[in-house]
Amino acid sequence: MLLIRPIEQKDFAGLKTCAIESGTGMTSLPVNDELLQRKIDASTQTFSDKPAGKGDCLYFFVAEDLESGDMVGTCAIDAAVGLSQPFYNYHIGKVVHSSPKLGIYNVVETLTLSNDYTGNSELCTLFLRECAREGLNGRLLSKHRFLFMAEHPELFDKTVFAEMRGVSDANGHSPFYEWLQKHFFSMDFPTVDYLTGIGKKRFIAELMPKYPIYVNLLSNEARAVIGKTHEKTRPAIKMLQDEGFVNRGYVDIFDAGPTVECDVNNIRTIRRSKRLTVVVGEPLGGHTYLLCNTRFEQYRACLGNIRVDLDKQEAIVPPKMAAALKVENGDLVRVVDLD
């Protein structure tokens, strides 16, 4: 059984293992002890004193295998990006070059550097170790964040987005970035990915092209991966698309992976979730639900077999699961089925 909880200091070694295993392209998990420690510090500070509203806050969660005690996954919510340092992406647009006199009409796609997601809430740092990639674990790790947001809506923006990892090979070579490197940079993709991950983003403003890039001037290889996801990221984007997330023409500035977004009130899990009263007992005739307690600092979430009685507004939760969630008879849980 996997349990989701806020990260703690004891999780540092597990966090570093996840950072190492995540590989190139996972910008929010760089292999850098100082930065990983800052993430732990930022999240533990946020969870120790609940903010009054949306701000520059990080909510970082880990997945713990209750049998082994191992930390096997990470995920996070950045409540409002771009407030302490710029948040960049490219927007795909169009320009028209025409001459009625000559009978010429050409529509050309462009990439324009933008900060359009400033202040929005970002789903980030989703990583599940290979040893735990089975069953519904990936869905638990991703979707529980929506239950947390439904329970604490005042902490998040009305627009929620996620950057999907773009195409790169096992050696960290990105076809899109290789074109940028040739014309604007003198650093390889793993280096810029690492620098971005540790917060050293000044070089972006200094070296990135200031004017829109005409897509038709890019190499064939670069054009082919714009808006495409890394093969290991396809299940994650499919899951978000099922929740109502769509791409509105934004892509990552280095690997051109797509950014997907959704109005928080339109996210499927949030809309369908319900608050129910806990009854500790054997859930005869139950089935699998995603559920969390309604606490903040002691937030816990898991997947499990429970029985929901909507007439009584009750959730019958087995004793072992109730203990893991830190709930008792009469407490509240937020639940959603996975159908």
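Structure first, text after, so check above.
Residues numbered from 1 in each chain as written. Predicted model: local features only at pLDDT ≥ 70, side-chain atom pairs only at ≥ 80, totals over all residues. Heavy atoms only, no water.

Moving on, we come to the side chain of Glu 243. Inspection of the secondary structure assignment puts Glu 243 in helix H8 (residues 234–243). Judged by its relative accessible area of 1%, Glu 243 falls in the buried class. Excluding residues that lie within four positions of it along the chain, Glu 243 makes contacts with Lys 143, Phe 146, Cys 262, Asn 266, Ile 267, Arg 268 and Thr 269. (Helix = DSSP H or I, 4+ residues; strand = E, 2+ residues; numbered from the N terminus. Buried < 20%, exposed > 50% of the residue type's maximum accessible area, 1.4 Å probe, protein only. Contact = heavy atoms within 4.5 Å.)

Another point: the packing of helix H3 (residues 137–151) against H8. Contact pair H3 / H8: the axes reach a minimum separation of 11 Å and the direction vectors enclose 40 degrees. Between H3 and H8, the crossing angle belongs to the class labelled oblique. Considering the relative orientation of H3 and H8, their crossing is right-handed. Counting all contacts with H3, which are made through Gly 138, Arg 139, Ser 142, Lys 143 and Phe 146, the residues of H8 involved are Met 239, Leu 240 and Glu 243. Considering only residue class, the contact of H3 with H8 consists of three nonpolar, two polar and three charged. (Axes fitted to C-alpha atoms, helices over the stretch in contact; angles between N-to-C directions. Parallel < 35°, antiparallel > 145°, perpendicular 65-115°, else oblique. Left-handed = near helix turned anticlockwise from the far one by under 90°. Nonpolar A, V, L, I, M, F, W, Y, C, P; charged D, E, K, R; others polar.)

For the rest of this paragraph, the subject is the packing of aromatic side chains. Under the defined criterion, the tally for this structure stands at 18 aromatic pairs. With centroids separated by 6.1 Å and ring planes inclined at 70 degrees, the aromatic side chains of Phe 148 and Phe 156 adopt a geometry described as edge-to-face. Take Phe 148 and Phe 156: they sit in the same class, and that class is buried. Clustering of aromatic rings is evident, with ring pairs tying together Phe 47, Tyr 59, Phe 61, Phe 148, Phe 156, Phe 296 and Tyr 299. (Phe/Tyr/Trp six-rings, centres within 6.5 Å; stacked < 30°, edge-to-face > 60°.)

Our focus in this paragraph is the side chain of Ser 121. Topologically, Ser 121 is positioned in strand S6 (residues 121–128). Polar contacts involving the side chain of Ser 121 include one to the main-chain carbonyl oxygen of Ala 79, which spans 2.6 Å. At 2.9 Å, the side chain of Ser 121 forms a polar contact with the backbone nitrogen of Asp 157. With sequence-adjacent residues up to four places away left out, Ser 121 is seen in contact with Asp 78, Ala 79, Phe 156, Asp 157, Thr 159, Val 160 and Phe 161. (Polar contact = N/O pair within 3.5 Å; in protein donor to acceptor, adjacent residues only side chain to side chain.)

Looking now at the pairing of strand S12 (residues 287–293). Counted residue by residue, S12 has five buried out of seven residues, so it is predominantly covered. Pairing between S12 and strand S13 (residues 301–309): six bridges, direction antiparallel. In the sheet register, Leu 290 faces S13, and the bridge partner there is Leu 303. (Pairing = 2+ DSSP bridges.)

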